[in-house]
Amino acid sequence: MSETIAILDFGSQYTQLIARRVRENRVYCEILTHDTSLNELSSNPDIKGIILSGGPSGVYEEEAPKCDPEIFELGIPILGICYGMQMGCEILGAEVLSSSKREYGDTSLEITSKNVLFEGITRHTQVWMSHGDRVEGLPQEFEVLARTESSPYAAVSHPGKQFYGLQFHPEVTHTPEGSNLLNNFLFQICKCKGDWTLSSFIETQIEAIRQQVGNNRVVCGLSGGVDSSVVAILIHKAIGDQLACIFVDNGVLREGEREQVVKTFGGQFNLDFHLADAADRFIDRLKGVTEPEEKRIHIGHEFIDVFKEKAKELKGLKFLAQGTLYPDIIESRSAFGGPSSTIKSHHNVGGLPEDLGFELVEPLKYLFKDEVRNLGRELGMPEEIIQRQPFPGPGLAIRIIGEVTRERLKMLREADAIVQEEVRKLDSHKNIWQSFAVLLPVRSVGVMGDKRTYENACALRIVESTDGMTAKWFPLPSDTLSRISNRICNEVHGINRVVLDISSKPPSTIEWE
């Protein structure tokens, strides 16, 4: 095993970013439930430190999530962030109260005491706050390390318990020197070596897959995207011919997608590849469905039904492999049993029926998209697959606002193909996270050939992002936007207006549904 940092999740939407920052320092970490027992933590000799995440609760609330107080007796360093700081301070004798002066966003922090945690950090630095409570009545065993105008105890330590508390969030990019601070915690305080790599992750996952699967067979839902492709190659590396891959044509794919996947995985890679043509079934099941969550769940259930039927043909399949990533989990449900809020269901997470019929194999579920791409490179996969833009499991169905029909699919598919073609011409296209068209439930008056038209409108969604958790709209050159608009209006029958979506995530999501 590698040296490990245990991250206890108290429901923060940023817990996954803490894990990301730790791994960027080549230190292995595991995200655990907030109530992980003392025995479980103490039985792992590889744990070098513990991080307590933020969370939406107040520590004084009756049902606020708490950790085992005995972890402060383990004799290993503990870093509490936001709620994690408040809870740690309360356990060690401080009082936490709702504050009349709340802090949200960029805040100026003054370091008031010399401490290894802040080594190399500017005395007056910017940090990102997101809290309405604050620590009061700090016992004398504590040391105050930093303050802000509204938080006299913005950073503290308890040397006797090796506890460090930060009221701000060092894991977000809005805290410019946060990475340096976490680096100090990992290497100066926890004495980590930083020897974890994606190569070692591959070795660990191969062994884990072999242990989980044994001599049984696995079926992989292969979409052709980077996530499921990496899963397929990784599992094939672990168990070889015990893996069978099924590509489902669900009728809501992009232009030419089916043909590309069949050509690539049915021929280029030495995989046991099977095509399930279920386009009509999916589209018929979506008839009359307009609510986004219903679409996702209908597609998820039909997806599994198709898999079950195909599995009967292949026989002996016990496990289902999926390309689930951590952002899928954090947005779909409370991750790791923690109290985080649900944003939306993903077809391979929230949409799964209870009577699945397969045991899941999800080797990427704690990774982010950029890490998966790097993993693909480690596995020797071609760049055209690694750099493929993310495409949602429910496909074009959630890019059609309202009911999905064959006519509306045809319009959107043609419009989207134009977007993809024009964007690929740009030198900067690799900087674009996703670029696509959305068919709106709006018709507008237009004029074509001196005749009045009353047709559909579509929106362009072009964003840049690192991991899909946050995103900014990408400013395409005006001539590219003009070309896309002109081509869609001229070439796609049924669309006479194109608009541009310039919202960021948050407050919007990348997809419209």
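Conventions adopted
- Residues numbered from 1 in each chain as written.
- Predicted model: local features only at pLDDT ≥ 70, side-chain atom pairs only at ≥ 80, totals over all residues.
- Heavy atoms only, no water.
- Axes fitted to C-alpha atoms, helices over the stretch in contact; angles between N-to-C directions.
- Helix = DSSP H or I, 4+ residues; strand = E, 2+ residues; numbered from the N terminus.
- Parallel < 35°, antiparallel > 145°, perpendicular 65-115°, else oblique.
- Contact = heavy atoms within 4.5 Å.
- Nonpolar A, V, L, I, M, F, W, Y, C, P; charged D, E, K, R; others polar.
- Pairing = 2+ DSSP bridges.
- Salt bridge = Lys/Arg side-chain N within 4 Å of Asp/Glu carboxyl O.
- Left-handed = near helix turned anticlockwise from the far one by under 90°.
- pLDDT = per-residue confidence, 0-100.
- Buried < 20%, exposed > 50% of the residue type's maximum accessible area, 1.4 Å probe, protein only.
- Expected span 1.5 Å × (residues − 1).
- Phe/Tyr/Trp six-rings, centres within 6.5 Å; stacked < 30°, edge-to-face > 60°.

## Describing the packing of helix α5 (residues 198-213) against helix α11 (residues 369-378)
Okay, so step 1: Closest axis-to-axis distance for the α5/α11 pair is 10 Å, and the angle between their directions is 80°. In terms of orientation, α5 and α11 fall into the roughly perpendicular class. Along the contact surface, α5 presents Leu198, Ser199, Phe201 and Ile202, while α11 presents Glu371, Asn374, Leu375 and Glu378.
Okay, so step 2: Of the residues contributing to the contact of α5 with α11, the split by class is four nonpolar, two polar and two charged.

## Thoughts on the sheet that holds strand β11 (residues 243-249)
Okay, so step 1: Taken in spatial order, the five strands make up an open sheet running β12-β11-β10-β13-β14, and their pairing is parallel. Two strands bound the open sheet, and with one partner strand each, they are β12 (273-277) and β14 (359-361). Shown here is a sheet whose adjacent strand axes are inclined to one another by a mean of 35°, direction ignored.
Okay, so step 2: Pairing of strand β10 (residues 217-221) with strand β13 (residues 317-321), which is carried by four bridges, proceeds in the parallel orientation. By the bridge assignment, valine 218 is partnered in β13 with phenylalanine 319.
Okay, so step 3: Each of β10, β13 and β14 touches α5; the most contacted strand, β14, lies at about 170° to it.
Okay, so step 4: Relative to the sheet, helix α9 (residues 292-314) contacts β10, β11, β12 and β13, its axis offset from that of β11 by approximately 135°.

## Points about the pattern of salt bridges
Okay, so step 1: Scanning all chains against the criterion turns up 31 salt bridges.
Okay, so step 2: When the shortest N-O distance is used, the salt bridge between glutamate 371 and arginine 23 registers 3.0 Å. Of this pair, glutamate 371 sits in helix α11 while arginine 23 sits in helix α1 (residues 15-24), and the two are 348 residues apart along the sequence.
Okay, so step 3: Ionic contacts of the salt-bridge type, sharing partners, join the residues Glu421, Glu422, Lys425, Arg483, Arg487 and Glu491 into one network.

## Here's the deal with the packing of helix α13 (residues 406-424) against helix α14 (residues 478-491)
Okay, so step 1: Running from N to C, α13 and α14 point in directions that differ by 155°, and their axes come no closer than 10 Å. With respect to each other, α13 and α14 are oriented roughly antiparallel. α13 and α14 meet at a crossing whose hand is right-handed. Here α13 contributes Glu414, Ala415, Ile418, Val419, Glu421 and Glu422 to the contact with α14, which in turn contributes Thr480, Arg483, Ile484, Arg487, Ile488 and Glu491.
Okay, so step 2: Here the residues of the contact of α13 with α14 sort into five nonpolar, one polar and six charged.

## Description of the confidence of the model for the protein chain
In regions of low pLDDT, the predicted coordinates are not meant to be interpreted in detail.
Okay, so step 1: Residues with a pLDDT of 70 or more make up 93% of the protein chain, whose mean pLDDT is 88.
Okay, so step 2: This model gives residues 333-347 a pLDDT under 50, and the stretch forms 56 contacts once residues within four places in sequence are excluded.

## Side note on the pairing of strand β16 (residues 451-464)
Okay, so step 1: β16 sits mainly inside the fold: ten of its 14 residues count as buried.
Okay, so step 2: Where strand β15 (residues 434-448) meets β16, twelve bridges bridge the pair, whose relative direction is antiparallel. The residue of β16 that forms the bridge with phenylalanine 436 is arginine 461.
Okay, so step 3: Hairpin remark: β15 followed by β16, antiparallel, with two residues in the connecting loop; positive phi at glycine 449, about 60°.
Okay, so step 4: As paired strands, β16 and strand β18 (residues 495-501) are joined by six bridges and run parallel to one another. By the bridge assignment, arginine 461 is partnered in β18 with aspartate 501.

## Comments concerning α5
Okay, so step 1: For α5, spanning 16 residues, the distance from its first C-alpha to its last is 22 Å, which sits close to the expected 22 Å at 1.5 Å a residue.
Okay, so step 2: Among the residues of α5, Leu198, Ser200, Phe201, Ile202, Gln205, Ile206, Ile209 and Val213 are the ones counted as buried.
Okay, so step 3: Next to the buried residues of α5 lie β10, α6 (226-239), β13, β14 and α11.
Okay, so step 4: Looking one or two residues past α5, glycine 214 carries a phi angle of roughly 65°, positive in sign.

## Description of the packing of aromatic side chains
Both the distance between ring centres and the angle between the ring planes are used here to describe each pair of aromatic rings.
Okay, so step 1: For the coordinates displayed, the defined rule picks out five aromatic pairs.
Okay, so step 2: Their ring planes at 45° and their centres at 5.6 Å tell us that phenylalanine 10 and tyrosine 83 sit as a pair that is tilted. With phenylalanine 10 in the loop between β1 (4-9) and α1 and tyrosine 83 in helix α3 (residues 83-91), this pair connects stretches of sequence that are 73 residues apart.
Okay, so step 3: Assessed through its relative accessible area of 0%, phenylalanine 10 is described here as buried.
Okay, so step 4: We classify tyrosine 83 as buried; its relative accessible area is 1%.
Okay, so step 5: Ring centres of tyrosine 14 and tryptophan 128 lie 5.7 Å apart, and the angle between their planes is 80°; on these two criteria the pair is classed as edge-to-face. Taken as a pair, tyrosine 14 in the loop between β1 and α1 and tryptophan 128 in strand β6 (residues 124-136) lie far apart in primary sequence, 114 residues in all.
Okay, so step 6: For tyrosine 14, a relative accessible area of 27% gives the class partly exposed.

## Examining α11
Okay, so step 1: Residues of α11 that are buried include every one of Lys369, Glu371, Val372, Arg373, Leu375 and Gly376, and no others.
Okay, so step 2: The elements touched by buried residues of α11 are α1, α5, α6 and α12 (383-386).
Okay, so step 3: Downstream of α11 by one or two residues, glycine 380 has phi in the positive range, about 80°.

## Digging into unusual backbone geometry
Okay, so step 1: That bond from lysine 505 to proline 506 is cis: its omega, -15°, falls within 30 degrees of zero.
Okay, so step 2: By the secondary structure assignment, proline 506 is in the segment after β18.
Okay, so step 3: Going from proline 506 to proline 507, the amide bond is cis rather than trans, its omega being 10°.
Okay, so step 4: Within the element layout of this structure, proline 507 appears in the segment after β18.

## A few points about the environment of glutamate 24
Okay, so step 1: Within the secondary structure layout, glutamate 24 lies in helix α1.
Okay, so step 2: Sequence separation between glutamate 24 and glycine 194 is 170 residues; the distance between their C-alpha atoms is 9.3 Å.

## Focus on the pairing of strand β8 (residues 155-158)
Okay, so step 1: The alternating pattern of β8 places Ala155 and Ser157 and Val156 and His158 on opposite faces, both of which are buried.
Okay, so step 2: Pairing geometry for strand β7 (residues 143-147) and β8, over three bridges, is antiparallel. Opposite alanine 146, over in β8, you have alanine 155 as the bridge partner.
Okay, so step 3: Here β8 pairs with strand β9 (residues 163-166) via four bridges, running antiparallel. Residue pairing in the sheet places serine 157 in a bridge with tyrosine 164 of β9.
Okay, so step 4: Hairpin connection of β8 to β9: four residues between the antiparallel strands, including glutamine 162 at a positive phi of 55°.

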